[in-house]
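Structural overview for review
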Amino acid sequence: MRSALLYILKEGLDKKCTNLQRQNLNKIFRCKLPVHNPICTWSKVVHSPFSSKQNSTSIQTEKGKDINLDFQESNEQPKLAPTLDSAEAQLSSLKMVFRRIFVLMMGCLGCADQPTEPNDNLQESKTVVDESAISTTTCRVRLSDGRFLAYRERGVPKNKCKYRIIIVHGFGSSKEMSFMASDELLDVMEIYLLIYDRAGYGESDPNPKRSVKSEASDIEELADQLQLGSKYYVIGVSLGCYPAWSCIKRIPQKLAGVALVVPFVNYKWRSLPDDLTKDDYRKQLCLFMICLTRYTPGLLHWWLTQKLFPSATALEGNPTFFCDKDLDVLKNTPGYQLFTQDGLRKRRVFDSLRRDFIVAFSKWDFDPLELSNPYPQNESSVHIWQGYEDKVVPVQLQRYVSQKLPWIRYHEVPDGGHLLVYDTVVCEAILKSLLLGEDPPLYRPKLAS
């Protein structure tokens, strides 16, 4: 499509130049076209009555170049034409306007700045944030493939703690996410928390080969490099639960326990019955968003960053997506932002979110609902925490998951929504359940008999 559009643009400029020749105008058109990546200069020279013959003959061309049409590979930027008079200035302004319109059209069609497939020859990945903006105090580890993962620590020092927990943030979040367990509880229970930026988020390098498997590999390598021991705990939050599922599948022997907090459900899991999801509007929304993010990323990027109509910001404070308790969190928690247009306007940030969403909601290489109990001797435990009032992940789906996997301990917060990690009481209950095996009656699901 890109080649066809560029060909149409070239043909249109050819006709325009022919018309200008007939009108005896003199102008140099120079524009950049992508031909095998090098900068290509396209020059057209015609004659004009605005200049004398002496002036027209003063236009110099490089030796061996065709003055009428020249595609040449060059690393130099095209030089501007000589100073234009008023008529030529108007033509130049019109050309700039049309070029911007054309670029906008290309962007909406997903042709401009569209991410390419992973390149095996890629030597170095670019970070989502500028390296110069990274604080010198940021803690980062270098992985075996050369990428860096950034992280922060909370609680008791690693060498003095009793429990080591890795927290995996969700979609559009970072290591700065809130997990509202009090510092007093962390000290009393001797808990060390490690919260890291997943690939492409915050100050971590993106992974152009991101997959469900690579997310578990990142956690395993992060834990090994930071010497968390032979076993550690993992808490996944929302979309950050697919790395946790991958850990249960691939490295169960390294997990002392796992808590899946408001885990999203992938509608492409093979074992998920159609009669349970056929009337769920979220399923159709997910399928639509997958098509949009996969095939028209430029259009989606424009829609999320334009200011004419509500887009990403319409999610915040919308009772369609959040229950009353979630709305209170959005209203009263300082600094909480779901998405911001300023953040999404950075194309690298948008691309990272896009890749994460596609991996999460595309077909996986395994079905979590078909997993067998990796801990038959109860040497470790897996928990699901779900809000009854959650409008992002419906409670009916989570109950079905818990019924299919009876070895998972299911907890349900009666008045909870999707933002459970902003509730101090719930966060502390999650820790006590995961580490001490507590099962508070308040959070036992009230299933119909």
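Here we summarise the structure given alongside this text.

Cut-offs and rules
Just so you know, the residues in each chain are numbered from 1, in the order the chain's sequence is written. Predicted model: local features are reported for residues with pLDDT of at least 70 only, side-chain atom pairs are reported and counted for 80 or more only, and whole-chain, interface and lining totals are derived from all residues. To get the side-chain values, all heavy atoms of the structure are used, and hydrogens and water are removed first. Put simply, DSSP marks the helices as runs of H or I at least four residues long and the strands as runs of E at least two long, and each gets a number from the N terminus on. When a residue's accessible area, from a 1.4 Å probe over protein chains only, is under 20% of the maximum for its type it is buried; when over 50% it is exposed; and in between it is partly exposed. A contact between two residues is defined here by any heavy atoms of the two lying within 4.5 Å. Areas reported as accessible are Shrake-Rupley estimates using a 1.4 Å probe. Residue values count occlusion only from the protein chains shown. An expected span of 1.5 Å times one less than the residue number is assigned to each helix. Simply put, an axis is a line fit to the C-alpha atoms, just over the touching stretch for a helix, and the angle between two N-to-C directions goes from 0 to 180 degrees. Here is the rule for angles: anything less than 35 degrees is roughly parallel, anything more than 145 is roughly antiparallel, 65 through 115 is roughly perpendicular, and the remaining ranges are oblique. Crossings are assigned a handedness: left-handed for a near helix turned anticlockwise from the far helix by less than a right angle, right-handed for a clockwise turn. Residues are grouped as follows: Ala, Val, Leu, Ile, Met, Phe, Trp, Tyr, Cys and Pro are nonpolar; Asp, Glu, Lys and Arg are charged; all remaining types, including Gly, are polar. Pairing between strands is defined by DSSP: at least two bridges between the two strands are required. Here, nonpolar core means buried Ala, Val, Leu, Ile, Met, Phe, Trp, Tyr and Cys residues that are tied together by side-chain atoms lying within 4.5 Å of each other. Surface patches are drawn from residues lacking salt bridges whose relative accessible area is over 30%; two like charges belong together within 9 Å, two nonpolar side chains (Val, Leu, Ile, Met, Phe, Trp, Tyr) within 5 Å. Put simply, a salt bridge is a Lys or Arg side-chain nitrogen that is within 4 Å of an Asp or Glu carboxyl oxygen. By the criterion used throughout, a crossover qualifies as right-handed when its path from the first strand across the helix to the second strand runs clockwise, the strands pointing away from the viewer.

Along the backbone of the protein there are 14 helices and 11 strands. In the protein, which comprises 449 residues, the proportion classed as buried is 47%. Within the protein, counting contacts between residues at least 6 apart in sequence, those at least 24 apart form 77% of the total. About 24200 Å² of surface is accessible on the protein, with carbon and sulfur atoms providing 53% of the total.

The end-to-end C-alpha separation of helix α8 (residues 281–295) is 21 Å, in line with the 21 Å expected for 15 residues at 1.5 Å each. All of the buried residues along α8 are R282, K283, C286, I290, L292 and T293.

Let us now look at the packing of helix α5 (residues 212–225) against helix α6 (residues 241–250). Relative orientation of the contacting elements α5 and α6 amounts to 80°, with a least axis distance of 8 Å. Put simply, α5 runs roughly perpendicular to α6. Taken together, the residues of α6 that come into contact with α5 (itself represented by V212, K213, E215, A216 and I219) are Y242, P243, S246, C247 and R250.

Here we take up the packing of helix α9 (residues 297–305) against helix α12 (residues 347–361). The geometry of α9 relative to α12 is characterised by a closest axis approach of 11 Å and an angle of 115° between their N-to-C directions. When the axes of α9 and α12 are compared, the crossing they make is right-handed. In this structure, α9 contributes P297, G298, L300, H301 and L304 to the contact, and α12 contributes R347, F350 and R354. Split by residue class, the contact of α9 with α12 holds four nonpolar, two polar and two charged.

For the rest of this paragraph, the subject is the sheet that holds strand β7 (residues 191–196). The mixed open sheet is built from eight strands, whose spatial order is β4-β5-β7-β6-β8-β9-β10-β11. Each having just a single partner strand, β4 (139–142) and β11 (409–413) make up the two edges of the open sheet. Each strand of the sheet is rotated relative to its neighbour by a mean of 25°, with strand direction disregarded. Here five bridges tie strand β5 (residues 148–155) to β7, and the two strands are oriented antiparallel to one another. Paired with R152 across the strands is I195, a residue of β7. On the sheet, α6 packs against β6 (163–168), β8 (232–237), β9 (255–261) and β10 (381–387) and is oriented at approximately 150° with respect to β9.

Another aspect to go through is α5. The first and last C-alpha atoms of α5 sit 21 Å apart over 14 residues, in line with the 20 Å expected at 1.5 Å per residue. Within α5, burial applies to V212, S214, E215, A216, D218, I219, E221, L222 and A223. Phi turns positive one or two residues past the end of α5, at Q227, with a value near 55°.

Moving on, we come to the nonpolar core. Core analysis: the biggest nonpolar cluster contains 57 residues, and Y232 and W245 have the highest contact counts within it. Counting residues per element, this core draws most heavily on α6, which supplies six residues. When residues no more than four places from it in sequence are discounted, the contact partners of Y232 are R164, I166, I219, E220, A223, I251, K254, L255, A256 and G257. Grouped together as the second largest cluster of nonpolar side chains are 37 residues, A256, L327, W385 and Y422 included.

A few words on a nonpolar patch on the surface. On the surface, a cluster of nonpolar side chains totalling about 300 Å² of accessible area is made up of Y281, L285 and F288. Note on placement: F288 falls in helix α8.

So, on to the pairing of β6. Here is the key point about a regular strand: its side chains alternate between the two faces of the sheet. Across the six residues that make up β6, a large majority, five, are buried. Note that β6 and β7 share six bridges and pair parallel. Paired with R164 across the bridge in β7 is Y192. With helix α4 (residues 183–189) bridging β6 and the parallel β7, this β-α-β connection has right-handed handedness. One ladder, built from four bridges, connects β6 with β8; its direction is parallel. Looking across to β8, one finds that I166 is bridged to V234.

With respect to the element layout, T277 can be found in helix α7 (residues 274–277). When near neighbours in sequence (up to four residues on either side) are disregarded, T277 contacts Y267, L272, K283 and L397.

A few words now on the pairing of β11. Extensive coverage of β11 is indicated by the burial of four of its five residues. In terms of strand pairing, β10 meets β11 through five bridges, oriented parallel. Considered in β11, the bridge of G387 is made with V413.

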